[in-house]
Amino acid sequence: DQQVKQNSPSLSVQEGRISILNCDYTNSMFDYFLWYKKYPAEGPTFLISISSIKDKNEDGRFTVFLNKSAKHLSLHIVPSQPGDSAVYFCAASALLGNQFYFGTGTSLTVIP
Amino acid sequence: NAGVMQNPRHLVRRRGQEARLRCSPMKGHSHVYWYRQLPEEGLKFMVYLQKENIIDESGMPKERFSAEFPKEGPSILRIQQVVRGDSAAYFCASSLQGQPQHFGDGTRLSIL
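Nothing here was measured: the structure is a model prediction, and the numbers come from that model.

**Student:** Provide a residue-level description of the packing of aromatic side chains, including the pertinent values.
**Tutor:** One pass over the structure, following the stated rule, counts 13 aromatic pairs over all chains. Pairing A:Phe102 with B:Tyr35 gives two aromatic rings, centres 5.2 Å apart and planes at 80 degrees, and the pair type is edge-to-face. Taken together, the residues span two chains, with A:Phe102 in strand 10 (residues 101-102) and B:Tyr35 in strand 4 (residues 31-37). The buried category is assigned to A:Phe102, whose relative accessible area is 5%. Three or more aromatic residues link up through ring pairs in this structure, and these residues are A:Tyr36, A:Phe46, A:Phe102, B:Tyr35, B:Phe45 and B:Phe103.

See below:
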């Protein structure tokens, strides 16, 4: 049972434009959400997180938006750069829980 | 850079052999997680350990798989009598309580 879903397996964006990666979840107990970036042959790298008390968190070019009523979060990358080309995973957990549930990933390609 | 260290990076085993995957967490981290990534799939949680204790093993297959995190030394994921379906990338992550997980670069297990 996939509790965190990334319905777009891939996304291509022109350099300089905005990349929007989407993630949906089903468990209303989730209250902590993270985005990871993964290059081939490497482990995922933590990018940005948001807790359910917020609806937006920004770090440089990366912004995560959380819509609790829709059980939806998104990652915006502005402006997109070729080095952003990677697989992006969203993950969710309950703050007091032990498990982080990961989506299946979205492969982002930024075209120079 | 004392990140999460996994070894070996690549492991080849024949069907029926044992596979041992090692993970040294980041300095100061007492929480260790193991994930498996099958081709074309996301990261699947397997087990969460703290020193000398298995906290949550709900993602572990019931047979042939075991994990430990001893008082001294790395965490070990052990797979006995490997089968072709065990071929995957196995990632270890470590964290402080309630903080984002930091991942190693994984062990790619291939079963001949």
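Still to come is the rest of the account.
**Student:** Please set out the pairing of strand 7 (residues 65-68) of chain B residue by residue, giving values where relevant.
**Tutor:** Strand residues, when the strand is regular, have side chains that alternate between the two faces of the sheet. Residue and element names in this part refer to chain B. Residue alternation in strand 7 divides its side chains into a buried set, Phe 65 and Ala 67, and an unburied set, Ser 66 and Glu 68. Bridge count for strand 7 against strand 8 (residues 75-79) is 4 bridges, and the pairing is antiparallel. Opposite Ser 66, over in strand 8, you have Arg 78 as the bridge partner. Hairpin connection, strand 7 to strand 8: the antiparallel pair is bridged by 6 residues, and Gly 73 has positive phi, about 95 degrees.

**Student:** Break down the interface of chain A and chain B for me, with residues and values.
**Tutor:** Facing 17 residues of chain A, the contacting portion of chain B comprises 22 residues. The interface formed by chain A and chain B contains 0 salt bridges. Counting residues per element, the side of chain A that touches chain B draws most heavily on strand 4 (residues 32-38) of chain A, which supplies 4 residues. Classifying every residue of the side of chain A that touches chain B gives 9 nonpolar, 6 polar and 2 charged.

**Student:** Before we move on, can you summarise a nonpolar patch on the surface with the specific residues and values?
**Tutor:** Residue and element names in this part refer to chain A. A surface patch of nonpolar side chains, amounting to about 220 Å² of accessible area, comprises Ile 18, Ile 20 and Val 78. One can find Ile 18 in the loop between strand 2 (10-14) and strand 3 (19-25). A relative accessible area of 40% places Ile 18 in the partly exposed class.

**Student:** Outline unusual backbone geometry, supporting the account with residue identities and numerical values.
**Tutor:** Phi is mostly negative for residues that are not glycine, and the peptide bonds are mostly trans. A cis geometry characterises the amide bond from A:Val78 onward to A:Pro79, with omega recorded as -10 degrees. Here A:Pro79 shows up in the loop between strand 8 (72-77) and strand 9 (86-93). With an omega of -5 degrees, the peptide bond running from B:Asn7 to B:Pro8 counts as cis. Unusually for a residue other than glycine, B:Arg64 sits at a positive phi of about 75 degrees. Secondary-structure assignment places B:Arg64 in the loop between strand 6 (53-56) and strand 7. Residue classification places B:Arg64 among the partly exposed residues on the basis of a relative accessible area of 25%.

Calculation criteria
Residues numbered from 1 in each chain as written. Chains lettered and ligands numbered in written order. Predicted model: local features only at pLDDT ≥ 70, side-chain atom pairs only at ≥ 80, totals over all residues. Heavy atoms only, no water. Phe/Tyr/Trp six-rings, centres within 6.5 Å; stacked < 30°, edge-to-face > 60°. Helix = DSSP H or I, 4+ residues; strand = E, 2+ residues; numbered from the N terminus. Buried < 20%, exposed > 50% of the residue type's maximum accessible area, 1.4 Å probe, protein only. Pairing = 2+ DSSP bridges. Contact = heavy atoms within 4.5 Å. Salt bridge = Lys/Arg side-chain N within 4 Å of Asp/Glu carboxyl O. Nonpolar A, V, L, I, M, F, W, Y, C, P; charged D, E, K, R; others polar. Patch = residues over 30% accessible without salt bridge, like charges linked within 9 Å, V, L, I, M, F, W, Y side chains within 5 Å. Areas by Shrake-Rupley, 256 points an atom, 1.4 Å probe, with all protein chains shown as cover.

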